[in-house]
Every structure is written in C-alpha cells, then in structure tokens.
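Residue-level listing of the chains:
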Amino acid sequence: MEKSWHSLPASDCLNLLSTSEDGLTIEQVEERREKVGLNQLVEGQQVSLLTIFLNQFRDFMIIVLLAATLISGLLGEYMDAITIVAIIILNGILGFIQEVKAERSLAALKELTAPMARVRRAGKIETIPAKDLVPGDIVLLEGGDKVPADGRIIKSPGLDVEESSLTGESVPVMKHANKHVDEASPIGDRINMVYMGTLVTRGKAEFVVTETGMSTEMGKIAGLMQASEESLTPLQRRLDQLGKLLVWVSLAITALVVVTGVLHGNGLYNMFLAGVSLAVAAIPEGLPAIVTIALALGVQRMIKRNAIVRKLPSVETLGCATVICSDKTGTLTQNRMTVQRVWVENEWYNVTGTGYDPTGEFIYEERAVRAFRREGLKRLVEIGATCNNAIMKSVQTEQGEEWTCDGDPTEGALLVMAKKAGFDDPESVYHRVDEIPFDSDRKLMSVLVEEGEDVYLFVKGAPDVLLERATKLYIGGREEALSNTTKKQIVAANQQMAGQALRNIAFGYRKFRSIESAKAEQDPEQNVVFVGLCGMIDPPRQEVYDAIQKCRTAGIRTVMITGDHQTTATAIARQLEIIPEDGLVLTGRQLDQMSDEELSANVEDTYVYARVSPEHKLRIVKALQGRGEIVGMTGDGVNDAPAIKQADIGIAMGQSGTDVAKEASALVLGDDNFATIVAAVEEGRGIYDNIKKFIRYLLSSNVGEIVTMFVAMLVGLPLPLLPIQILWVNLVTDGLPAIALGVDPAEKDIMQRPPRDVNEGIFAKGFSVKILSRGILIGVVTLLVFLWALHTQPQNLPRAHTLAYATLTMAQFILVFDCRSVDGGILRRNIFGNMWLVLAVAASLGLFLLTIYVPGIATVFKTVPLHGMEWVIVLIAAAIPTFALSIRRVGLSAMKTKVATR
Ligand code: ATP
C-alpha cells in the first residue's frame, strides 16, 4: 500500500525505509535495485522495430505502387510484379536502417544529458547517475538542482523549490524538514516533501528517497504527459509541407503523362504503371529520413567537440547566430586562479608561484617576507582561507605533484595563498558556525566563526561592494575610522590591479558579542572593518583567441558579460581583442539607469557588460533581439535561466552549470569553453549546408526524371524509361550518395561567410533555379540520347531504354559531386574529399551495372549490355548538365573579377 510519507516525522520515514542519515550500504542499494528497478520514467510509447519496419510501407505512394503491382501481377506480368515488390522491400530495408540509426543516435544523445544526483551512501558523498537511486538513499540538494526522485526532507536550512512541472504553480514553495503536514494535503501543500522533476531555486537540503521511477508523482502522470519540446527543426517542418505539396504536383503531372500517353496510343496498363512509377520517383520520400540522419550524425560530431545539443531545432539556429554573449570566468578564461598581488595596510605585496601549486612567497619591496609576522596580511590571509568552501587536492603524476581544486577556483586560489603564508588548517583556529553563501547578485560571501570567546563574521567579496559596507579600516593591528582619503586609496589600488587584468577580492570582518547577537541581525554584512585586497590572475583560455577571430570572419560578434569589475573585464577583453578601440563598456549600474530605448540605442556598440547580475542578461538579450540579432547566451546559475531561455541559442555550462540552467538551454558545453560554442556554430552551419546539398541532389534528380518522361509523352515518343528502371534509380541507387552527402566535410570557407538569415527559406538565393536548371538539363540530355538511340537502331527499343537509363543514372552520379559545394560546384572541391561519397557512388554504380550486365537481372530490367562507343556518348551526355553550368559559372566569376579589377 502507498504510504503517506508527508504525514510522518522524518525519523519514522528513515526507520520505515531501513536507512539512516549515513545512507544505505552498497549491498542494500543492490538488493533494492533488484526489487524496484531503475529510477527512470518509462517513455510513453516505445516504438518496436517491427513497427518502424512496417511504417516504411505506409507511405501513400508506396501503397498505390503496391496496388499497381498487384494489378500487373493479376494481368500476368509476374516478373514485373516480383521485381517491383523486391525493389520496394529493398527500399523499405534501407529506410528502416536509416531510421533506426537516427533513433539510436538521438537516444544516445538523451543519455548524455541525463541528470546526476549527489547521494550519501555508507557515510560517503558521491555523485551518481540519477537513474541509480533507490528508496532509502539520502540525496543532497542545492540551489540549481533538479530533484531526482520523490522524498521526505530530513534536513533543510532553507530550501525553495519550483514545482510548476507538477502543480502548475510557478512561484517557488518554501520547504521545511520539520513541519507537520496532514495526510489529506494535496501535493502543492506537502512542504516537507520534494518531488522528482521539480527545481531547487535556492538553499540546501537533504532528503530520503521514498519513491523512484514510475512510482513517483511524476511517474504517475508520465503516461499523460506529451513531450512538450519541439523536436522537429524548422527545416524539417518546411520539408514536411514541401513533401505534401510535391505529392499533389506529382500526381497532377502523372495524370497528365498518363492521359497524354494513352491519347498517343500507349496501352492503358503500361501507362498506369509508368504513371505510378513516375509519381513514386517524383516524391522524395527518402528526404525526411536522410534529414534526420544528417542531423543525428551532425549532432554526434558536435558531441565529439564537446557541444551537446539538447534541442534539435537549435542545430539550425546555430548557423544563423550573429552575436554570442559569453560569461568571462571559466568560459573565456581558464578559471585557474592564482593570487599575484595583495594590498593591505597601504602596502603592496607580490605573491610568487603559478597555478594551484602552493610553493611561493610573499615579496615586499623585492624581499621575501614572513606573512604571519605582519598583522594586516595575517588577518587577510586568515579571512580568505576561512571564508572558503574549496578543498585543494594533490595527486602524484609522472610530472610530479599536481594540485587540483574541488570547489570555486577563486576560493582555491585563496587557500593556495594561505598555504604559501604557512596557514594550513583554518578549522583548527576558527570554528565555523554559519555561512551566508556567495551569490552573483550580492557578490559577497560571509562565515560566522568562533575563536575561543571571540565571534567574527568574516566577509569577502567584490571590492566595490565590500567597500560600500565598510565603516572602518584594519591597520597596525587596530581599527580606525574609514576616511574618504583611505577609500580613495583603496579604489586606486583596486583600479591598479584591475588594469592589469587581475580579478580582485576584498576582505573584511565584523566582530560580534555573541553568536546570538550576530544571528539576530537582519543584514549582518554591515559596518564591516575593511582589511585589504588581493588580485588574482585568471589567464585567458589559449584556444579562445582564435575562436574569437573565427567568429569575426564569420560575421559573429562576441560580447563579454561578467560579474567582474569593469576594468578587469575590459583589460581581458582587450587581450582577447573582443572590444574594438571605439567599443563601449557598460556596467550593471549604468544598465539600471538606462531605459530600454537607451539600451537599444547602445547595444550594437557595447562589447563588455561588467558587474552585471544575471537579471541584466535578460534585458541584454531582449535588446539585441529587438535589433534583429540572433543571440547565443551562456549561463550557469539558476538566475541565468530566464536569459538562456529567451536567447535564440541558450547555452549552459556542462561542468559548472546547474541543472536549472541546463534545463533551460538548447546547447550544453561539455568543457565550459567558448571555443566549443564556435565549434558548434561551425558544425551547425555544416549540417545545414549538407542538408541543402542532398536536397539539391535528390530534387534535381527527380526533376530530371519527370522532364524525361513528361516531354517524351508530350511529343509522342515511347516511354524512355521503364517503370522498374525508374524505381531502381529512385529507390535504390539514389539513396546511398544522398546519405553520403549528409556527412560531407564542411567547405573551407564555411566560417568566412556571414550568418544565414534566419528567415531565409531553403529555396532562396537561386537554390530552386539551381535545382531546376540541372534537373531540366538532365532530362534534356537523357531524351537526346534516347532519340539518338531510336534514330540509330529504330527497332531496338531495349537498347534505347538502356541508353536513357544509363544517361540518367550517370548524370546523377556526376551531379552528386557538384552538390558538394553550395556556391562553387564540382570544380571547387576535391572529388576524393568525401570518401564515403566515392564509396556510395561506387556501390550505386555497381547496383546499376548489375541491372544491365548480369544476364538474369538484365532480362527482368529489360536492358541490354552497352558497348564502347555507347558508353562514350552516355558519359559525355551525362557530364553536360553539371559541367556546362559549372564552366558557365567559372566563366562568369572570372568575368566579374576582370570587371572588378579594371
Ligand atoms: P562571470 O560572470 O564572467 O562568470 P565572474 O565569475 O567574475 O564572472 P561572479 O562570479 O558573479 O562573476 O563574481 C563577481 C565578483 O564577485 C568577482 O569579481 C569577485 O570580486 C567576487 N567573487 C567571486 N567569487 C567570489 C567568492 N567565492 N566569494 C566572494 N566573492 C567572490
């Protein structure tokens, strides 16, 4: 029977679940997983492989074709009927393989973005995939997490959870571990419980898992839920519409061909079969599957480059991005901080050493000094190390000892500085009682500590913020009133370090009479005694410089958005060449004073936004979008989510990002690196290009076939291609080269073109002319060869069919190489640049040759073997559509350059 966990005290829940605050043992976990299975929601409808296979034959035209085949079977044309059925099955198998492959890659992608959970098991905290949770597990939550299972809260110093996915209520609910809740309360009122899929907006808590997987509240409604996320890309939707249109157009043309053919004296049965085959040929039924494959394979290439796409439509939008707004710390820079300078008691110290290696010294006036002999420096170092949650770890590698930081790198750097000063173990001196965590809005962090009888609030944070809250200065072991002159000195010292691109932190403290009096204060971070400043270097990531250059040539503007100081941000923006000479820098404070119109007037010239809060990001995105920009925006925290959602491409940090930010994003950066965004843009452009390439190929080929058949009918010629020949070309030999175009390597200039206009349809910029011109020419040359064949051997119809069939096929094989270049054509690219395509064409060529050279098969296809001279004619004719137009284009561009250089 289901328990009402919310009406029981936390301790009873722990007992009932046979667990404790230390969590389950490994044996218990395994035993329970055997019993309850994985903590996963079973997807609404699992499509079986058989259904996918059968779906291949549900296409309207395929059904008509099967009906036609049945009729031809009944009329005694057994060979035709069997061959057509075989071709349809072969086509079905190809389609099935494509679809399953696409499904698999999308499923693998889902797996990659699967949530993780922090649990305490056998007394140790570990991070595990959320699907491995079992009832009785103790889970730790903090701001930004997505709740991974249902559970009863056992500890919560303060927790706000947004439960709209479950209750529809978007205002966060405050949760309490110890509140009693009536058994009959609805979910929204059960404030001592948390539920799977809801989001922690603030605070921390521990809860014991009560239900997992389909037994959770989310599981109960999972069957009812529709996948709300749009999974078709705009292009896919447009192609869907195009497909529907093409069905009608081809039906009309087919009807015309059939009627004209009959009027010209062709048999009704023959014309019917030819008409249906032509209709099948004209409709690019393979297109949607190939688009999905190209998207799925492209997305996999992105994963290899550390960019994980969460929303498929964004793959297309990536190619349209015109502005990328990026956080500074960790994305443009390495987030490997090292304190280099300290300013305290009006004096400067340099700190030697690199990275997190704790070997280094404090240098004062070119001499090493003992930091703890100097009162102010000692206090500063102590605050830095105590007001701190990072842990430094060392591992022995082949290169020697290597140090890493678990936690905020800014705090790691302060621990390293403390070690250099010889202060290793802050806990042994200062006992921590409470903490006010750092957040990007306040830009401060404090801890309340005891040292014997003394109670201190140690505060560290952004210098300007801390200075506003300071009333005294710590100097010579005493507290003095903070004069305006001293304030100016502090501001000047801060400026000096920021000008050297250092990230600055200020330190202060406040003394209290007792813990109680400190806790009684609403805002204890007031009347602070200012101690000093430190500046840490956070070097730019090496690859970022090139990535920014690449963006520039690709017509994409990079904008830095940071919580850091204006001067530091500008100095780094200059190093990275983000900001031009006349570029603007705006601060959060200036933004607050600007109206939306003023912001809009400045937004195109602003390259750095400094000291901004996450809330400002939303305004910036909207202002840019108002100017018609397509905006990529990065973020990691809970408060970044609205801006990430609003952006055209919301980008979340994979390593430092919260679940909330990831949930809102379209793209997750596996390595938090700006260069990865640029790689994703490049891949996005490449994928779109590739889709265009095979659309062009398939549609041109179809136009070629229609023209051949249609014109022949109009002028009263016999059918140039037999139905099974058309089917073979379309359903079998076309497919492989089209897929190979889907994985074509990008053209060299892909990042030298301006971004694509987001409103530009795929057939814009002469694309349809290109499709039609090549298609019509293919039709014309096929007809000409057919006519020549009829002229040279009027009685030999199989030879004429074979020659037309060969010309059409060869023309398509040559055209496919032309399609590799979006603007250039066949002469622009190395034929062997895409070995998959070469192999695909070779395989398709093999399939084609089977039908004219293997005796039994040739009989079925009603073909004859071709000989020397015939091949020469076929190949010359087949080359004309592609080469004639490519040469014309090369000529035109040569003429243009001539005119331009005149
Ligand atoms: P970005 O937004 O580019 O990631 P950022 O990391 O510098 O930039 P925040 O983390 O919001 O932005 O930091 C803003 C300021 O707050 C920093 O310049 C620093 O002075 C201060 N600060 C950063 N981390 C801490 C911390 N752990 N404790 C106290 N103050 C901090």
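Residues numbered from 1 in each chain as written. Predicted model: local features only at pLDDT ≥ 70, side-chain atom pairs only at ≥ 80, totals over all residues. Heavy atoms only, no water.

Per an unreviewed UniProt entry, the protein is named P-type Ca(2+) transporter, and its organism is Alicyclobacillus ferrooxydans. Regarding the protein, the UniProt comment filed under Catalytic activity (unreviewed entry) reads as follows: "Ca(2+)(in) + ATP + H2O = Ca(2+)(out) + ADP + phosphate + H(+)". (UniProt positions renumbered as here; feature names shortened; annotations may be inferred.)

**Topic: the overall build of the protein**
Along the backbone of the protein there are 32 helices and 28 strands. Seen through its C-alpha atoms, the protein measures out along the principal axes to roughly 115 × 85 × 55 Å. A total of 902 residues make up the protein; the buried ones form 53% of that total. A separation of at least 24 residues holds for 71% of the contacts in the protein among residues at least 6 apart in sequence. Surface summary for the protein: the accessible area is close to 39,800 Å², and the carbon and sulfur share equals 57%. A gap of 5 Å separates the mean positions of the 89 positive and 105 negative side-chain charges of the protein. (Helix = DSSP H or I, 4+ residues; strand = E, 2+ residues; numbered from the N terminus. Buried < 20%, exposed > 50% of the residue type's maximum accessible area, 1.4 Å probe, protein only. Contact = heavy atoms within 4.5 Å. Areas by Shrake-Rupley, 256 points an atom, 1.4 Å probe, with all protein chains shown as cover. Lys, Arg positive; Asp, Glu negative; His and termini not counted. Charge placed at Lys NZ, Arg CZ, Asp CG, Glu CD.)

**With respect to the domain arrangement of the protein**
On domain assignment, one finds that the protein holds domain 1 (5-36 + 109-227), domain 2 (49-103), domain 3 (234-299 + 681-747 + 759-900), domain 4 (307-333 + 542-672) and domain 5 (338-537). Each side of the interface is counted separately: domain 3 has 11 residues, and domain 4 has 11 residues. Interface of domain 3 and domain 4: buried area, both sides summed, is about 1,000 Å²; carbon and sulfur atoms make up 66% of it. If you sort the residues of domain 3 by the area they bury against domain 4, V299, V681 and R685 come out on top, with a joint share of 48%. Summed over the shared surface of domain 3 and domain 4, the number is one salt bridge. Note that E682 is salt-bridged to K550, the shortest N-O span being 2.9 Å. (Domains from an automatic or database assignment. Buried area = accessible area lost by both parts, 1.4 Å probe. Salt bridge = Lys/Arg side-chain N within 4 Å of Asp/Glu carboxyl O.)

**Brief notes about the nonpolar core**
Ranked by size, the top nonpolar core spans 129 residues in total, and within it F674, I691, F694 and I695 carry the most contacts. Per-element tally for this core: the top contributor is helix α25 (residues 674-714), with 20 residues. With sequence-adjacent residues up to four places away left out, I691 is seen in contact with L235, V291, A294 and L295. Membership of the second largest hydrophobic core comes to 43 residues, among which are V344, V369, I383 and Y474. (Core = buried A, V, L, I, M, F, W, Y, C linked by side-chain atoms within 4.5 Å.)

**Description of the sheet that holds strand β8 (residues 307-309)**
Ordered by their spatial adjacency, eight strands build an open sheet running β8-β28-β27-β26-β9-β23-β25-β24, and the pairing between neighbours is mixed. Because the sheet does not close on itself, it has two edges, and the strands there are β8 and β24 (584-587). Sheet twist, expressed as the mean angle between neighbouring strand axes with direction ignored, is 20 degrees. The pairing of strand β9 (residues 323-327) with strand β26 (residues 631-635) spans three bridges and is parallel. Bridged to C325 within β26 is M633. Lying on the sheet, helix α22 (residues 614-626) is in contact with β9, β23 (557-561), β25 (606-610) and β26; it crosses β26 at an angle near 170 degrees. Along the sheet face, α25 touches β8, β9, β23, β26, β27 (649-653) and β28 (667-669) and points at about 155 degrees away from the line of β9. (Pairing = 2+ DSSP bridges. Axes fitted to C-alpha atoms, helices over the stretch in contact; angles between N-to-C directions.)

**Brief notes about the pairing of β27**
Of all the five residues making up β27, five are buried; the element is thus mostly covered by neighbouring parts of the structure. Alignment of β26 against β27, held across four bridges, turns out to be parallel. Looking at β27, one finds that G632 is bridged to I649. The parallel pair β26 and β27, bridged by helix α23 (residues 641-646), forms a crossover whose chirality is right-handed. With three bridges joining them, β27 and β28 adopt parallel strand pairing. In the strand pairing of β28, I651 is matched with L667. Remark: the β27/helix α24 (residues 659-664)/β28 crossover connection has right-handed handedness. (Right-handed = clockwise from strand over helix to strand, strands pointing away.)

**Regarding the side chain of T809**
In this fold, T809 is placed in helix α29 (residues 797-818). Judged by its relative accessible area of 1%, T809 falls in the buried class.

**Points about the site of the ligand**
By nearness alone, 20 residues border the ligand, and K328, D408, R503, N504 and D564 come closest of all. In this structure, K460 approaches the ligand through a side-chain N or O atom, which is 3.0 Å from a nitrogen atom. In this structure, R611 approaches the ligand through a side-chain N or O atom, which is 3.3 Å from an oxygen atom. Alone, the ligand offers 610 Å² of accessible surface; in the complex the protein occludes 92% of this. Elements with a minimum of two residues in the shell around the ligand: β18 (454-461) and β21 (503-512). (Near = heavy atom within 4 Å. Polar contact = N/O pair within 3.5 Å; in protein donor to acceptor, adjacent residues only side chain to side chain.)

**Description of the packing of aromatic side chains**
Tallied over the entire structure, the rule returns nine aromatic pairs. The residue whose ring lies beneath R341 is W348, and the NZ or CZ to ring-centre distance is 4.1 Å. Here K692 stacks its cationic end above the ring of F767, 4.9 Å away from the centre of that ring. (Phe/Tyr/Trp six-rings, centres within 6.5 Å; stacked < 30°, edge-to-face > 60°. Lys NZ or Arg CZ within 6 Å of the ring centre and 35° of its normal.)

**Regarding the side chain of T410**
Inspection of the secondary structure assignment puts T410 in helix α13 (residues 409-420). A polar contact is formed between the side chain of T410 and the side chain of R503, at a distance of 3.3 Å. With residues up to four places along the chain from it excluded, the contact list for T410 reads M337, R503, I505 and M536.

**Description of a nonpolar patch on the surface**
On the surface, a cluster of nonpolar side chains totalling about 370 Å² of accessible area is made up of L66, V85, I89, I93 and I97. Broken down by element, the nonpolar patch gets its largest block of residues, four residues, from helix α5 (residues 78-112). Relative to the assigned elements, I97 resides in helix α5. (Patch = residues over 30% accessible without salt bridge, like charges linked within 9 Å, V, L, I, M, F, W, Y side chains within 5 Å.)

**Focus: the state of the cysteines**
Evaluated as defined, the whole model comprises zero disulfides. Sulfur of C551: no disulfide; nearest cysteine sulfur belongs to C325 and is 11 Å away. (Disulfide = S-S within 2.5 Å.)

**Observations regarding α13**
Note that an α-helix has 3.6 residues per turn; residues three or four places apart therefore point the same way. With 12 residues, α13 ought to run about 16 Å at 1.5 Å a step, and its terminal C-alpha atoms sit 16 Å apart, in line with that. Where burial is concerned, most of α13 is hidden: 11 out of the 12 residues are buried. Of the residues making up α13, those classed as buried are P409, T410, E411, G412, A413, L414, L415, V416, M417, A418 and K420. A side-chain oxygen of the first residue of α13 lies 2.9 Å from the backbone nitrogen of T410; this N-cap is D408. Two residues or fewer after α13 comes G422, characterised by a positive phi angle close to 85 degrees. (Expected span 1.5 Å × (residues − 1).)

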